[in-house]
Amino acid sequence: MARSILLVNGHPDPSKERFCHALCNAYQEGAHEGGNAVARVDIGALEFAFLENAQAFVTPPPVDIAAVQAMLERADHMVLVHPLWLGTLPARTKAFLEHLARNDFLVKTEVKGMWPAKRMRGKSARIVMTMGMPGFAYNIFYRAHSLKALEAGIFQMAGFKPVQHTIFGAIDFSAESRQRMLTKMRALGRAGK
């Protein structure tokens, strides 16, 4: 069954030379081959500042982010592709997610006496993380801590289910390994996963 997908290139650098950009291209091509509809966002091309206080969080987001919220409302599935920087998301990628959550979009927080309402129920998600270290080292030695926090603290909290992930480690190892990664992304896109 064809799916409607929001694909987010979470690399803060808008350069087309970044591997996250190539991974997004491969996913998008595969998704089109599979008959899926894809809306793509490259956060490096968006205009937004960092949030500085709680009041900003409860107000409507900037125009660029409001457009992404509308894309996500129409989507069945969200894919976030980002690099691992200093053990976690790049600051601009995290800022993008904070803006995306503004105005109770991901989670409705003002529910009296209850857990916050999950606004993304019925949608699934995949997080694709790239890194210079081998993926097994991130899993074994660092226990994928930042990935788990992102899955639970943002995506599952908002109601995405299932939330799956793909880790591409040692991305500079060889051209052949990069090609295998691109092939995997194309297959994920084709399957709408």
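In case you missed it, the structure is sitting above this.
Residues numbered from 1 in each chain as written. Predicted model: local features only at pLDDT ≥ 70, side-chain atom pairs only at ≥ 80, totals over all residues. Heavy atoms only, no water.

(A) The arrangement of the side chain of Arg 40 in detail. Structurally, the position occupied by Arg 40 is in strand β2 (residues 37–42). Within the structure, the side chain of Arg 40 is placed 2.6 Å from the side chain of Asn 25, a separation counted as a polar contact. At 3.2 Å, the side chain of Arg 40 and the side chain of Asp 42 are in polar contact. In this view, Arg 40 contacts Leu 7, Asn 9, His 21, Cys 24, Asn 25 and Gln 28; residues no more than four positions away in its chain are not counted. (Helix = DSSP H or I, 4+ residues; strand = E, 2+ residues; numbered from the N terminus. Polar contact = N/O pair within 3.5 Å; in protein donor to acceptor, adjacent residues only side chain to side chain. Contact = heavy atoms within 4.5 Å.)

(B) Region of the structure containing the environment of Met 157. Note on placement: Met 157 falls in helix α6 (residues 145–158). For Met 157 and Val 107, which are 50 residues apart along the polypeptide, the C-alpha to C-alpha distance reads 7.3 Å. The contacts of Met 157, once residues within four sequence positions are left out, are Val 107, Lys 118 and Ala 152.

(C) A look at the sheet that holds strand β7 (residues 163–168). In spatial order, the strands read β2-β1-β3-β6-β7; together these five strands make up an open sheet with parallel pairing. This sheet does not close on itself; its edge strands, each paired only once, are β2 and β7. Across the sheet, the axes of successive neighbouring strands diverge by a mean angle of 15 degrees, strand direction being ignored. Across six bridges, strand β1 (residues 4–9) lies against β2 in parallel orientation. Bridged to Leu 6 within β2 is Ala 39. Strand contacts of helix α7 (residues 175–191): β3 (77–83), β6 (124–130) and β7, with the helix running at about 160 degrees to β7, the strand carrying the most contacts. (Pairing = 2+ DSSP bridges. Axes fitted to C-alpha atoms, helices over the stretch in contact; angles between N-to-C directions.)

(D) Fine view of unusual backbone geometry. Residue Pro 162 is bonded to the preceding Lys 161 through a cis peptide linkage, with omega at -5 degrees. Relative to the assigned elements, Pro 162 resides in the loop between α6 and β7. Positive phi is not limited to glycine here, since Asp 104 has a value of about 60 degrees. By the element assignment, Asp 104 lies in the loop between α4 (91–100) and β4 (107–108). Overall, Asp 104 belongs to the buried group, its relative accessible area being 15%. (Buried < 20%, exposed > 50% of the residue type's maximum accessible area, 1.4 Å probe, protein only.)

(E) Broad picture of α7. Spanning 17 residues, α7 covers 25 Å between terminal C-alpha atoms, matching the ideal 24 Å at 1.5 Å per step. All buried positions along α7 are accounted for by Ser 177, Met 181, Leu 182, Met 185, Leu 188 and Gly 189. Along the axis of α7, the buried positions cluster into a sector of 140 degrees, meaning they face one direction only. In α7, those exposed residues whose orientation departs by more than 90 degrees from the buried face are Ala 175, Glu 176 and Arg 180. Within two residues after α7, Gly 192 carries a phi angle of roughly 70 degrees, on the positive side. (Expected span 1.5 Å × (residues − 1). Arc of directions from axis to C-beta.)

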